[in-house]
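Chain and residue survey
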Amino acid sequence: MKVSQLPYRRVTREEMTAGLRHVIERVRGARSVEEILEARAEYLSLKTEYDTAQSLSYMRYTINTVDPFYLAEKDYYDEIGPEIENLDLQYASAVLDSPFRAQLEQALSPILLRSMELQRRSMSPEIVDDMVEENKLVSEYAQLMAGMLFPFRGEQLPRPMLMKYARSADRATRRACYEALGTTLEAHSEQLDGIFDRLVHVRDRMAKKMGYQNFIELGYCRMERMCYDVQAVQTFHENIVRDIVPVVSRLRLENAKRLGIDTFRLYDNEVFTPGGDPTPCGKEALFAAAQKMYDGMGDVPGTFFRMMCQNEAFDVDARPNKWGGGYCTEFVKYHQPFILANFNGTSGDVDVVTHEAGHALNAYLIADNRFALELGCGGMETAETHSMSMEFFAWPYLDGFFPQAGDAQRYRFQHALDALSFLPYGTMVDEFQHRIYAEPDLTPAERNAVWLELETKYRPHIDQSGIPYLERGTRWQYQMHIYETPFYYIDYCLAQTAAFQFLLASQDDYDDAFARYLQLSQQGGEKLWTDLLAEAGFRSPFEPGALAQLAAQVEPLIRRQNI
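Keep in mind it's a predicted model, so treat the numbers as computed, not measured. (Residues numbered from 1 in each chain as written. Predicted model: local features only at pLDDT ≥ 70, side-chain atom pairs only at ≥ 80, totals over all residues. Heavy atoms only, no water.)

**What about the overall build of the chain?**
Definition in use: The numbering of helices and of strands both runs from the N terminus, where a helix is a DSSP run of H or I of at least 4 residues and a strand a run of E of at least 2. Exposed residues in this analysis have more than 50% of their type's maximum accessible area, buried residues have under 20%, and partly exposed residues fall in between, with area computed by a 1.4 Å probe over protein chains only. Every residue pair with non-hydrogen atoms within 4.5 Å of one another is taken to be in contact. Here the open area of atoms and residues is found with the Shrake-Rupley method and a 1.4 Å probe, where only the protein chains shown may cover a residue.
Check the secondary structure of the chain and you find 23 helices and 5 strands. Along the longest, intermediate and shortest principal axes, the C-alpha atoms of the chain span 75 × 50 × 50 Å. The burial tally for the chain puts 60% of its 563 residues in the buried class. Nonlocal contacts in the chain, meaning residues at least 24 apart in sequence, comprise 77% of its contacts between residues at least 6 apart. If you sum the accessible surface of the chain, you get close to 21,400 Å²; carbon and sulfur atoms cover 49% of it.

**Details of the sheet that holds strand β5 (residues 336–343)**
Selection rule: For two strands to count as paired, DSSP must find a minimum of two bridges between them. Comment: axis = line fitted to C-alpha atoms, over the contacting stretch for helices; angle = value between 0 and 180 degrees taken between N-to-C directions.
A sheet is described by the order of its strands in space; here 3 strands give the open sequence β3-β5-β4, paired in mixed fashion. Single-partner strands in this sheet number two, and they are β3 (314–317) and β4 (327–331). Averaged over neighbouring strand pairs, the angle between their axes works out to 15° when direction is ignored. Relative to β5, β4 is paired through 5 bridges, and the arrangement is antiparallel. Of the residues in β5, the one forming a bridge with Thr329 is Phe338. Contacting β4 and β5, helix α2 (residues 33–62) runs over the sheet at an angle of about 140° to β4.

**Description of the pattern of salt bridges**
Heads up, the rule is: When a carboxyl oxygen of Asp or Glu is within 4 Å of a side-chain nitrogen of Lys or Arg, the pair counts as a salt bridge.
Inspection of every chain in the model, using the stated rule, returns 51 salt bridges. Residue Glu25 is joined to Arg28 by a salt bridge in which the shortest nitrogen-to-oxygen separation is 3.4 Å. In this pair, Glu25 and Arg28 are both assigned in helix α1 (residues 13–28), 3 residues apart and thus about one turn of the helix distant. Among the salt bridges present, the one from Arg120 reaches Asp97, with a minimum N-O distance of 3.1 Å.

**Here we look at the packing of α1 against helix α3 (residues 68–96)**
This is how it is decided: Note that the term roughly parallel is reserved for angles under 35 degrees, roughly antiparallel for angles over 145, roughly perpendicular for angles of 65 to 115, and oblique for everything else. Polar here means any residue other than Ala, Val, Leu, Ile, Met, Phe, Trp, Tyr, Cys and Pro, which are nonpolar, and Asp, Glu, Lys and Arg, which are charged; Gly is therefore polar.
Axis separation between α1 and α3 bottoms out at 9 Å; the angle between their running directions is 5°. The angle between the axes of α1 and α3 places the two elements in the roughly parallel class. Side by side, α1 and α3 meet where Arg13, Glu14, Met16, Thr17, Leu20, Arg21, Val23, Ile24, Val27 and Arg28 of the first sit next to Tyr76, Glu79, Ile80, Glu83, Ile84, Leu87, Asp88, Gln90, Tyr91, Ala94 and Val95 of the second. When grouped by side-chain class, the residues that make up the contact of α1 with α3 number 12 nonpolar, 2 polar and 7 charged.

**Considering the side chain of Asp78**
Mapping Asp78 onto the fold places it in helix α3. When residues no more than four places from it in sequence are discounted, the contact partners of Asp78 are Val132, Asn135 and Ser139.

**Examining the state of the cysteines**
Let me state the cut-off plainly: In this description, a disulfide is simply a cysteine sulfur pair whose atoms lie within 2.5 Å.
Tallied over the full model, the rule gives 0 disulfides. A disulfide-free cysteine, Cys281 has its sulfur positioned 13 Å from the sulfur of Cys309, the nearest such atom. Take Cys377: it sits in no disulfide, and the sulfur closest to it among the cysteines is that of Cys328, at 9.5 Å. Judged by its relative accessible area of 15%, Cys377 falls in the buried class.

**Overview of the environment of Thr443**
As for its placement among the helices and strands, Thr443 is situated in the loop between α17 (407–438) and α18 (444–458). For Thr443 and Asp197, which are 246 residues apart along the polypeptide, the C-alpha to C-alpha distance reads 8.3 Å.

**Here we look at the nonpolar core**
How we decide: We call a set of buried Ala, Val, Leu, Ile, Met, Phe, Trp, Tyr and Cys residues a nonpolar core when their side-chain atoms join them within 4.5 Å.
Tyr178, Leu185, Phe401 and Leu420 are the most contacted members of the largest nonpolar core, which totals 203 residues. The element contributing the most residues to this core is α17, with 15 residues. Beyond its immediate stretch of four places on either side in the chain, Phe401 contacts Pro280, Cys281, Leu286, Ala289, Ala290, Met293, Val350 and Val353.

**As for the environment of Leu37**
Counting through the fold element by element, Leu37 comes out in helix α2. Looking at Leu37, the relative accessible area reads 29%, which means it is partly exposed. Here the alpha-carbon distance between Leu37 and Leu253, two residues 216 residues apart in the chain, equals 59 Å. Every residue in contact with Leu37, bar those within four places of it in the chain, is listed here: Leu104, Ala107 and Leu108.

**Side note on helix α10 (residues 215–222)**
Here is the rule we go by: As used in this structure description, the phrase polar contact means that two N or O atoms lie within 3.5 Å; if the pair is within protein, one of them must be able to donate a hydrogen and the other to accept it, and residues adjacent in sequence are counted only when both atoms belong to side chains.
For α10, the buried fraction is high: 6 of the 8 residues fall into the buried class. Within the span of α10, buried status applies to Phe215, Ile216, Leu218, Gly219, Tyr220 and Cys221. A distance of 3.0 Å separates the backbone nitrogen of Ile216 from a side-chain oxygen at the start of α10, and that oxygen is part of Asn214. Phi for Glu224, located one or two positions after α10, is positive at around 55°.

**Some thoughts on the packing of helix α14 (residues 348–366) against helix α21 (residues 510–522)**
Going by this rule: Two helices cross in a left-handed way if the nearer one is turned anticlockwise from the farther one by less than a right angle. They cross in a right-handed way if the turn is clockwise.
Between α14 and α21, the shortest axis-to-axis distance is 9 Å and the interhelical angle comes to 60°. For α14 against α21, the interelement crossing comes out right-handed. Here Gly358, Leu361, Asn362, Leu365 and Ile366 of α14 lie close against α21, whose contacting residues are Tyr517, Leu518, Ser521 and Gln522. The class makeup of the residues in the contact of α14 with α21 is 5 nonpolar, 4 polar and no charged.

Okay, structure coming up:
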């Protein structure tokens, strides 16, 4: 069935409340493990209906953020969501406190119960109203960014369409693009600062109500981090600064000279090769090339992508009032993944049918897993391993995406250098959030000063001056994760280290590397990320020396791609 034809009905507060309370009472009154497992089946049925309705309404809101019906539906789930989460917590607590817990761990999974423990540590009835407020603020930010238009050379462009000019070969065009970006953001600075300040304080308030020192610990619980903690991430930060930042700065400055750039400025950061961004084929040809690629990878990937196209499970055209980011979601009742993106004619369009499709393939592979609804694909570092690795597995097929001679090879160079450059940037975003939530009363100007300080630490090769507003340290305001999903961004960095290991392995034996990738992806959340890496034969980025070794292998690989 086409995604546009999937039936939607509102799953109400009343039916979920009654259904979940009945499940909770069944678990609490159970006289055997079997009775708890029967109650769990009822719970999963309820959650399937609720999660599907919520995902459908959110998807239809994001494709048009001013659609009055789906805006109201999204607002409804934002309002009742915390109440449902509180009932989920009561269910989890009933399972965890059951006298049959040891038997449940054998019948189900210790990881599932650990997930429930983290759920219990991240939720409390006393923060329900604060969670409703947080949801409203996130929606306010999303609508502001989706509706923002940027005047550029006689046109009014949404941000995704404006940013295609950030990849232009013409430096004056890139600068003009960033000037338009900074000037328009500055016009909305009061709103951007106000929304973020309220978000920081409501999150801090929730954490303190639950007995945490600040939001950092609560944020980690919400992300369900099971195989690493704050200290491990801090060590990762230090390793990035020591082992990756010097390599990235060296490569980017060398490449800048090759491009004729003396002073590397913020508006030069998206350009990697002479001639600017490699130009992909148009949308129809791009999807045809993607189908050929997935067929080449095997029957399962080929069948998956054909299903996505037949069911029209993509919305990739940029337009006003469409949500400005990209994502993959799924409608669990129908075993249907869905991808939203904003094509702008740049090489980023290729990333949609690789990165986002990596997420979607995983959803397709694990749809029938025992814990697909409860554990999903695992932590977000696992989810991003699926997507970022798929980007690299596309390398042998890139000629189909880039029809101009030499563009496929230019893209490989750009892709690898951009991916390595991302590690310091993504880690900077994470440290910024740690700093902000450790000091929630910082003023907007002080937050911007923190960002500029971290730019010097993580991206010393970039001169931040010369662009209105952005030179004051406000680049973070259009990094949507910072507002919407705090502490998510480091997962991209961790996953990037795994993706590079898949790339290196694929250079030696593509089929073996891809088989290991499919094996990792098929297991979903039933194993921890560090265990999945070990099973695939790779090092955890938390191991001493792992990033130094990675840098030593990736730097020559990048140099080999240069033409």
